[in-house]
Structure formats: C-alpha cells, structure tokens
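# What the coordinates show
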Amino acid sequence: MVTLLTDAGEFTVPGAEASSTTLWVPARDAEAATGWVAKPEGLCRGPVCVPAPAGRERELADGGRIDLAALWRHLGQPAVHSERGHVWVLAQSARDRAAALASLEAPDFTLPDSTGRMHRLSDHRGKKVLLVTWASW
Amino acid sequence: MWQALYEELGDRGFVVIAVAMDSREGDPLPWIEAARPTYPTLIDREHRLAELYGIVNVPQAVWIDEAGRIVRPAEPAGAYEGFRRMNRATREMPEDVARLTAQAKATYLDAIRDWVRAGDRSEHAFTAEQARVHLPALTADVVTAQAMFRLGQFLLGHGAGAEGQRWIREASRLQPDSWCIWRQGAGVNETGLAALPDFWERVDALGAARYYAPVDMKGMP
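Cut-offs used in this document
- Every chain's residues receive numbers from 1 upward, in the order its sequence appears when written.
- Whichever chain is written first becomes A and whichever ligand is written first becomes 1, with later ones labelled in order.
- The predicted nature of this model means local features are confined to residues of pLDDT at least 70 and side-chain atom pairs, given and counted, to a pLDDT of 80 or more, with totals for whole chains, interfaces and linings taken over all residues.
- Secondary structure is summarised from DSSP: a helix means a run of H or I of at least four residues, a strand means a run of E of at least two, and numbering begins at the N terminus for each.
- Only C-alpha atoms enter the radius of gyration, while the globule expectation follows 2.2 Å times N to the 0.38, with N the number of residues.
- With C-beta atoms placed from the backbone, the exposure class of a residue follows from how many other C-beta atoms lie within 10 Å of its own: 20 or more, buried; 12 or fewer, exposed; in between, partly exposed.
- A pair of residues counts as a contact when their C-beta atoms, built from backbone coordinates, are separated by no more than 7 Å.
- Domain limits in this description derive from either an automatic procedure or a database domain assignment.
- Amino acids are sorted into nonpolar (Ala, Val, Leu, Ile, Met, Phe, Trp, Tyr, Cys and Pro), charged (Asp, Glu, Lys and Arg) and polar (every other residue, Gly among them).
- Whether two strands pair depends on DSSP finding at least two bridges between them.
- Axes, fitted as lines to C-alpha atoms, cover a helix only where it is in contact. Angles between the N-to-C directions of the axes lie from 0 to 180 degrees.

## Observations concerning the overall build of chain B
Scanning chain B for helices and strands turns up nine helices and four strands. Counting from the amino terminus, chain B carries its helices and strands in the arrangement α-β-α-β-α-β-β-α-α-α-α-α-α. The globule rule puts the C-alpha radius of gyration for 221 residues at 17 Å, and the 18 Å found for chain B is close to it. Taken over the C-alpha atoms alone, chain B extends approximately 50 × 45 × 35 Å along its principal axes.

## Considering the overall build of chain A
Tallying secondary structure elements over chain A gives three helices and 14 strands in all. In terms of principal-axis extent, the alpha carbons of chain A reach across some 50 × 30 × 25 Å. Sorting the 137 residues of chain A into buried and exposed places 38% on the buried side. Put simply, 37% of the contacts in chain A that link residues at least 6 apart link residues at least 24 apart.

## A few points about the domain arrangement of chain B
All names here are of chain B. Taken domain by domain, chain B consists of domain 1 (2–133) and domain 2 (140–204). A C-alpha centroid distance of 22 Å is found between domain 1 and domain 2. Counting residues at the interface gives 12 residues for domain 1 and 12 residues for domain 2. When the residues that make up the side of domain 1 that touches domain 2 are grouped by side-chain class, the tally is five nonpolar, three polar and four charged.

## A closer look at the sheet that holds strand 1 (residues 14–20) of chain B
Spatially, five strands are ordered 2(B)-1(B)-14(A)-3(B)-4(B) in an open sheet, and the strand pairing comes out mixed. Only two strands of the sheet have a single partner each, and these edge strands are strand 2 (41–43) and strand 4 (70–76) of chain B. Neighbouring strand axes in the sheet, compared pairwise and without regard to direction, differ in orientation by 15° on average. One ladder, built from four bridges, connects strand 14 (residues 128–134) of chain A with strand 3 (residues 60–64) of chain B; its direction is antiparallel. If you follow Leu131(A) over to strand 3 of chain B, its bridge partner there is Val62(B). Sitting on the sheet, helix 1 (residues 2–9) of chain B touches strand 14 of chain A together with strand 1 of chain B, and the angle it makes with strand 1 of chain B is about 160°.

## What to know about the sheet that holds strand 6 (residues 42–45) of chain A
Residues and elements named next belong to chain A. With respect to topology, three strands assemble into an open sheet ordered 5-6-7, the strand pairing being antiparallel. The strands lining the two open edges of the sheet, one partner per strand, are strand 5 (37–39) and strand 7 (48–50). Sheet twist, expressed as the mean angle between neighbouring strand axes with direction ignored, is 35°. The pairing of strand 6 with strand 7 spans three bridges and is antiparallel. Across the sheet, the residue bridging to Cys44 is Cys49, located in strand 7.

Rendered as structure tokens:
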C-alpha cells in the first residue's frame, strides 16, 4: 500500500507497488491521483499527450499499470518518497509553477477553516482579496 | 489589524482571507478563537501557498483583484523587523522602532484603502508588467523543497516523526530563504514562538539582508 500526495490531494492505493526508483500504480488510481492516463499515443493528461521514449513504452505503462516515478522523471517533475517507499509526493515542475504565477491568474486552492469547512479562493471572484498569511510560530 | 480593515472595507467589495501557515494541528486555534475574525481564516498545514505563490515568511500577502488577477505578488504585509534591534538582555527597543513599526503598518493599510477605492488607478496597484517583475522565483529547488516539506509533514502526522523531521530539515537546506519552513521545523520557546537561540543565530547571520523582504511601496520603511 502506498500513499500518494499530489495536487489533487491524498490517495491511499492498496494495489500500488514501489521500489526506490519505481512506483507502479493501477491505471484507475493513477488517473484519480494525477490525471495521467495511458493511451496508444502515449501518456495523456487532458488534451496533452507525451510520447514514451521509443522502445521503452513498457517502462512507463504496462499491464494496466503506470510507473508514476518513471513518468515523473520523464516529465522532469519533482518526486520525493519516504525511505520505505510507502509515501510519495508527486509535485508540479518549477517551470509549470512559475508559468502559472507569471500568467498573473491567482492560482486557485481549497483549504479548510478551523471547523474543517473547505474554502476555495475562486469563490471570492468579484471581490478584491487580500490573501494574507500568518502563523502561531 | 485585518479585522478592523475588513470591517471598514468589507461592504466595498473587499475581503480578507487569512491563511495560517501552521502545520501542527491545533496550534492556530487559540489565536483564531481570541481574534474571532468574521473573514475566512484558513489553515494550510502543508504550506501549499508556498509553492503556488512563493510565500516564504509571515505576514506576507498577495493582492488579487475582482477578476482573480494578481495585482501585487507575495510581499511582507505591513511588517517592520524591529525585533532585530531589540536589546536581548533587557528586551528594550530603540526609540524609533515603535515609530517605524507604526509607519510600516499605516503605509500598508493606507495602500490597501487606496486600492479598494481606486482599483487599477491606485498608485499601489501594479500593472501586469510591474507585477511580473515583482514575482518571487519558483525554482526547481523551491518546488522540490516544498515536496520534501509536504512529505515530512505527512510522516510527522503518521508516526514517523524522526524521518519527518529529517525531510523538513532537508527542505530548509534546499530553500534556506524560507522562514516558513525553518520556523515550522524549529523548537519553540515558552510562549510558543520559534525564537530559541538558534533562531537568533540565524537572524544574526542575515547581516545586512532583510528578514522581511523590502516592499516596493512609497513610504514603506
């Protein structure tokens, strides 16, 4: 069992198998956690498809599973995992993050308040927002 | 500070969204309880805003207009680092610190008032070009550090504290300018502040560099 931490949240995947360099995840779980799907033309997320390196297609997707570690390396995105390999963080690349910020469209997020109720930034469209951080420390 | 501003400007299409960059469950709750804010007060245990907006310290704020456009990227929100000039034995402050602290706060609040009143025509509202110049850099080290922080945070909350701490230290090593990462991973004193001797050593090591990054705003000390 492996826990995946992605932009879409936290996913516990009983059918996943990890080593220090591979993270094989059933296709359905991979899609839920990351949005990436294996298709004949390569690995796709929404309208974007990335071809696998010629002759090495089965290193990325094989037998109804995707190696998300290999995919993340292929995409040049940061992935870090616990020593036992039971927790993986699959992050977005600096290039994508910086491009999103440079668009000046405020990156959307959903966070809980102290009662656990979720709030989405974009629910406040139509108002000027002062997004201000603080901490108890 | 924000509650009064929200009460003053809340009926003019303005809202404050406060986000606690607090990873230890429960830590921000007494503060929220005491302040009783009427604007949303959210809790960002994994510091998601760090990788989305380049937040590295608190208080930092981002101005976002009605269309969801960033008008001023992340920057210190009316803060003056007077604490660095405190006499650490007597806890006394030099005389001008109170004045400069008040000036930083008043300058920043007045700038927000002007923006709420004048919108894009406010001298404090950046053009798109200016806003891009002021964006924090989201580098490979920053996004990797944030991934490590998130991993460390998860492990801390799931019975793997020692490994979690190691990841948070590694994240801090990779992104040393993030006080959010460093202070979250540091020990706290009797008042709950990450201000033990190692904090002061780190602050002293800044030398002439600022603890709160300089703010490009007329009148800001």
